[in-house]
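# Coordinate inspection notes
If you want the building blocks of each chain, they are given just below.
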Amino acid sequence: MEGTESGSRTSSSAVADWSLVFWTLCSVLLPVLITLWCSFQRSRRQVLIRDIFRKSKHDWHYTDLFGQPSYCCVCAQHILQGAFCNCCGLRVSEGCLKKADQLFLCKEIMMRSSGGAHSSMPHHWIRGNVPLCSCCVICKQQCGTQPKLCDYRCVWCQYTVHDECMMDRLKTEECTFGEFRDLIIPPYYLSTINQLRKDKRTDYEKVVPYCRKHWMPVIILANTRSGNNMGETLLGEFKNLLNPVQVFDLSKIAPAKALQLCTLLPCNAVRVLVCGGDGTVGWVLDAIDEMKIKGQERYIPQVAILPLGTGNDLSNTLGWGAGYAGEVPVEQILRNVMEADGIKLDRWKVQVTNKGYYNLRKPKVFTMNNYFSIGPDALMALNFHAHREKTPSLFSSRIINKAVYFFYGTKDCLVQECKDLNKKVELELDGERIKLPNLEGIIVLNIGYWGGGCRLWEGMGDEPYPLARHDDGLLEVVGVHGSFHCAQIQVKLANPVRLGQAHTVRLILKSSKMPMQVDGEPWAQGPCTVTITHKTHALMLYHSGEQTDDEASSMSEPDQLREQTDEDV
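Model, not experiment: these values are computed from the prediction. (Residues numbered from 1 in each chain as written. Predicted model: local features only at pLDDT ≥ 70, side-chain atom pairs only at ≥ 80, totals over all residues. Heavy atoms only, no water.)

## A short note on the nonpolar core
Filter applied, for reference: Only buried residues count toward a nonpolar core. Its members are Ala, Val, Leu, Ile, Met, Phe, Trp, Tyr and Cys residues joined through side-chain atoms within 4.5 Å. Any residue under 20% of the maximum accessible area for its type is buried, any over 50% is exposed, and the rest in between are partly exposed; the area is computed with a 1.4 Å probe on protein chains only. Strands are runs of DSSP state E lasting at least 2 residues, helices are runs of H or I lasting at least 4, and numbering of each runs from the N terminus. Any two residues whose heavy atoms approach within 4.5 Å are treated as being in contact.
With 100 residues, the main nonpolar core has Phe 238, Leu 273 and Met 540 as its most contacted residues. Sorting elements by how many residues they give to this core places helix H7 (residues 278-293) first, with six residues. Discounting residues that sit within four places of it in the chain, Phe 238 has contacts with Ile 220, Val 247, Leu 273, Cys 275, Val 330, Ile 333 and Leu 334.

## Examining the sheet that holds strand E4 (residues 82-85)
Operational definition: Pairing between strands is defined by DSSP: at least two bridges between the two strands are required.
Taken in spatial order, the three strands of this open sheet run E1-E4-E5, and their pairing is antiparallel. In this open sheet, the two edge strands, each paired with only one partner strand, are strand E1 (60-63) and strand E5 (91-92). In terms of strand pairing, E1 meets E4 through four bridges, oriented antiparallel. Across the sheet, residue Thr 63 finds its bridge partner in E4, namely Gly 82.

## Let's talk about the pattern of salt bridges
To be explicit about the condition: Definition used for salt bridges: Asp or Glu carboxyl oxygen within 4 Å of a side-chain nitrogen of Lys or Arg.
Here the structure, examined in full by the defined rule, presents 13 salt bridges. Between Asp 51 and Lys 55 there is a salt bridge whose closest N-O contact spans 3.4 Å. Here Asp 51 and its partner Lys 55 are both found in helix H1 (residues 2-55), four residues apart, which amounts to about one turn of the helix. Overall, the relative accessible area of 28% leaves Asp 51 in the partly exposed class. Residue Lys 55 is classed as exposed on the basis of its relative accessible area, which comes to 62%. Its salt-bridge partner being Asp 289, residue Lys 535 comes within 3.8 Å of it at the nearest N-O pair. Taken together, the residues span a long stretch of sequence, with Lys 535 in strand E24 (residues 528-542) and Asp 289 in helix H7 at a distance of 246 residues. We classify Lys 535 as partly exposed; its relative accessible area is 41%. In this structure Asp 289 comes out as buried when scored by relative accessible area, which is 11%.

## Quick notes on the packing of aromatic side chains
What characterises a pair of aromatic rings is the spacing of the ring centres plus the angle enclosed by the ring planes. Selection criterion: Within 6.5 Å between ring centres, the rings of Phe, Tyr and Trp (the latter by its six-membered ring) count as paired, and their orientation is classed by plane angle as stacked under 30 degrees, edge-to-face over 60, tilted in between.
Summed over all chains, the structure comprises four aromatic pairs. Measuring from centroid to centroid gives 6.2 Å for Phe 177 and Tyr 188, while their planes differ by 65°, and the two rings are edge-to-face. You can see Phe 177 sitting in the loop between helix H3 (168-172) and helix H4 (187-198) and its partner Tyr 188 sitting in helix H4, a full 11 residues away along the chain. Comparing Phe 177 with Tyr 188 shows no difference in burial state: the two are buried. Relative to Trp 215, the ring of Tyr 189 has its centre 4.9 Å away and its plane inclined at 65°; by these criteria the two rings are edge-to-face.

## Here's the deal with the UniProt feature "transmembrane region" (unreviewed entry) in the protein chain
The condition that has to hold: UniProt positions are given in the numbering used here, feature names are shortened, and annotations may be inferred rather than shown by experiment.
As annotated by UniProt and renumbered to match this structure, "transmembrane region" (unreviewed entry) occupies residues 20-40. The distance separating the terminal C-alpha atoms of residues 20-40 is 30 Å; by composition the span is 100% helix and 0% strand.

## What to know about the pairing of strand E13 (residues 341-354)
In this structure, E13 lies alongside E24, joined through 14 bridges in antiparallel fashion. In the strand pairing of E24, Arg 347 is matched with Thr 536. As judged from the five bridges shared by E13 and strand E14 (residues 364-368), these two strands associate in the antiparallel manner. Bridged to Val 352 within E14 is Lys 364.

## Some details on the side chain of Asn 243
How we decide: N or O atoms within 3.5 Å of each other form a polar contact, as long as, within protein, one can give a hydrogen and the other can take it, and as long as residues adjacent in sequence are counted only when both atoms are side-chain atoms.
Along the chain, the position of Asn 243 falls in the loop between helix H5 (231-241) and strand E10 (247-249). Polar contacts involving the side chain of Asn 243 include one to the main-chain carbonyl oxygen of Ile 185, which spans 2.8 Å. Asn 243 has contacts with Ile 109, Trp 156, Ile 184, Ile 185, Pro 186, Pro 187 and Leu 190, leaving out every residue within four places of it along the chain.

## Digging into H5
Of the positions making up H5, those classed as buried are Gly 231, Leu 234, Leu 235, Gly 236, Phe 238, Lys 239 and Leu 241. In the core, the buried residues of H5 are packed alongside strand E9 (218-222), E10, strand E11 (271-276), strand E12 (302-307) and helix H9 (330-339).

## Here we look at the sheet that holds strand E19 (residues 475-480)
For clarity, the cut-off: To obtain an axis, a line is fitted to C-alpha atoms, over the contacting stretch when the element is a helix, and the angle between two such axes runs from 0 to 180 degrees between their N-to-C directions.
If you trace the six strands from one edge of the open sheet to the other, you get E20-E19-E18-E15-E22-E23, paired in antiparallel fashion. In the strand order of this sheet, the two ends are held by strand E20 (497-502) and strand E23 (521-525), each with one partner. Pairwise comparison of adjacent strand axes, ignoring direction, gives a mean angle of 15° for this sheet.

## Digging into the environment of Tyr 188
Overall, Tyr 188 belongs to the buried group, its relative accessible area being 3%. Measuring from C-alpha to C-alpha, the distance between Tyr 188 and Met 121 comes to 7.5 Å, with 67 residues separating the pair along the chain.

## Here's the deal with unusual backbone geometry
Even without a glycine there, the phi angle at Lys 140 is positive, about 65°. As for its placement among the helices and strands, Lys 140 is situated in the loop between strand E6 (125-127) and strand E7 (152-154). Even without being a glycine, Phe 177 presents a positive backbone phi close to 70°. Phe 177 sits in the buried class, given a relative accessible area of 2%.

## Here we look at H4
One turn of an α-helix holds 3.6 residues; hence residues three or four places apart share an orientation. Heads up, the rule is: Expected span of a helix: the number of residues minus one, times 1.5 Å.
Taking 1.5 Å per residue as the helical rise, H4 with its 12 residues ought to reach 16 Å, and the 17 Å between its terminal C-alpha atoms agrees with that figure. Just past H4, the residue Lys 200 takes up positive phi, approximately 60°.

## Considerations on the packing of H5 against H9
Rule in force here: Should an angle fall under 35 degrees it is called roughly parallel, over 145 degrees roughly antiparallel, and 65 to 115 degrees roughly perpendicular, with every other angle called oblique. Crossing chirality is assigned from the near helix's rotation relative to the far helix, an anticlockwise turn below a right angle marking it left-handed and a clockwise turn marking it right-handed. Residues were grouped as follows: Ala, Val, Leu, Ile, Met, Phe, Trp, Tyr, Cys and Pro as nonpolar; Asp, Glu, Lys and Arg as charged; and all remaining residues, including Gly, as polar.
Packing of H5 against H9 brings their axes to within 10 Å, and their N-to-C directions diverge by 70°. By the angle between their axes, H5 is roughly perpendicular relative to H9. Of the two elements, H5 crosses H9, and the hand of that crossing is right-handed. Between H5 and H9, the contacting residues are Leu 234, Glu 237, Phe 238 and Leu 241 on the first element and Val 330, Glu 331, Ile 333 and Leu 334 on the second. Classifying every residue of the contact of H5 with H9 by side-chain character gives six nonpolar, no polar and two charged.

## Brief notes about a nonpolar patch on the surface
Note the cut-off: Each patch groups residues whose relative accessible area exceeds 30% and which form no salt bridge, using 9 Å between like charges and 5 Å between nonpolar side chains of Val, Leu, Ile, Met, Phe, Trp and Tyr. Only the protein chains shown count as cover for residues, with accessible areas throughout obtained via the Shrake-Rupley method and a probe of 1.4 Å.
A cluster of nonpolar side chains, Trp 18, Val 21, Leu 25, Val 28, Leu 29, Val 32, Leu 33 and Leu 36, forms an exposed patch at the surface whose accessible area comes to about 810 Å². Looking at where Trp 18 falls in the secondary structure, it is placed in helix H1. Taking relative accessible area as the criterion, Trp 18 reaches 64% and is therefore assigned exposed.

## Observations concerning the side chain of Asp 151
Formally: Only four residue types enter the tally: Lys and Arg on the positive side, Asp and Glu on the negative side; His and the chain ends are excluded.
By secondary structure assignment, the location of Asp 151 is in the loop between E6 and E7. No salt bridge is formed by the buried Asp 151, whose closest oppositely charged neighbour, Arg 127, lies at an N-O distance of 6.8 Å. Setting aside anything within four residues of it in sequence, one finds Asp 151 in contact with Ile 126, Arg 127, Gly 128, Val 130, Cys 143, Gly 144, Val 161, His 162 and Asp 163.

Structural data, given as structure tokens:
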């Protein structure tokens, strides 16, 4: 009996142990299986969504949270997440994506041919999700105030209308293209040009009357990799306000290819807005130079800048600011482009010829818009670029970029890697040898700003000096005593060593290897001869916005002459 009882106790304890093991495994494996299943479903859903995005004529983008109260344009339900079209502004829930593709047309970049030439087109109305604080064009009252899918917006002229104010005549009425009619390329213009090309005709000027008298179409070139990564957002906002065919992502298409759109537009009328840093602007200006080589000089556009980079010295010089972080609405940016004045910018050829009896390499040739330098600021740029290439993900913020520059500048104050530069180089300005004082760096300037907002040539502004301009064919050459001296100049506690102005600059590096840079692109250079000569002019746009007292005191000569003329009148 005792044996039987002990056997039953053993078997019951074994069952209890296995039961414990089973439920333990269930409690561990079940959440894992549920997580894996959810992950599989999510990835499957994402594949389906991407497939819909790829096949759709809409420019869909998915968001986990809309920035304002939103309603699905198909089922009219309130949605927190879903897809939106960058071009026409449609917002739909995930489940209504396919239906939205079938029910709603996106912005047409070119009108469908129906015989004959077109000179107008009707409104393209989209219901619901109108911009906040928009007013009805009929009753002048605020639209979008009800917590539901309501009211209409035209995707071209941006007019908004209440549901009750929408009349049959508005549905067929001719669209005026709204405030930015002078910047938009109308779809009917492109359809007419397309027909002319089929007929092998190139007299595009005759098509201009179909548009407007003071037409100045704008082309947007945005670098989504610049500075603070705002390019992606700006692309969507510009596509919403303009014809999507006018907006290009430079990470997907080269400027030279995008600028061929200019050849389909009126001569000397096109304006280009470059959204990026000074490097992106230089890239676009190089593409414009290629247009000159191809014999397309009459199609050359004027260039405006929306500064998204780190330094943005060229943008600052031309009045577009030191950096953009979304503080100005896109609508105001387009108004600034319309009101901007045309000016010229000198562009320079920098030729670097290596020394040596058996040197068979071709000279390095650069194009300079901003400045050339040898010394501590070039060393900071070189260290910064080396660090960024190793860990590019860290350099997604303008503040972090400037902090890294500050770190390397402080380091150079202690180490002084570029000391005794005056013993290593010879400087000639217009063929005349310049006797150099004790220096660590030499900077050759084409524009007023340097080093992220410092007016280097002017310094403290307490000494007489010749005025610097960016269109006079002259370069300003200055020397600095080191990184600490550069920092003093930036906060107006010291003046640079002004070495002179010249049409041609020649610099001979006699020995050792030194850091050099052209427009923020640095490299380490051995013994060589650097020759800087005038190359060409670029057509730019100058924005004369509100000035601070500091900026007014250091106004460029063109501004002073313009003000003097106004006073005389």
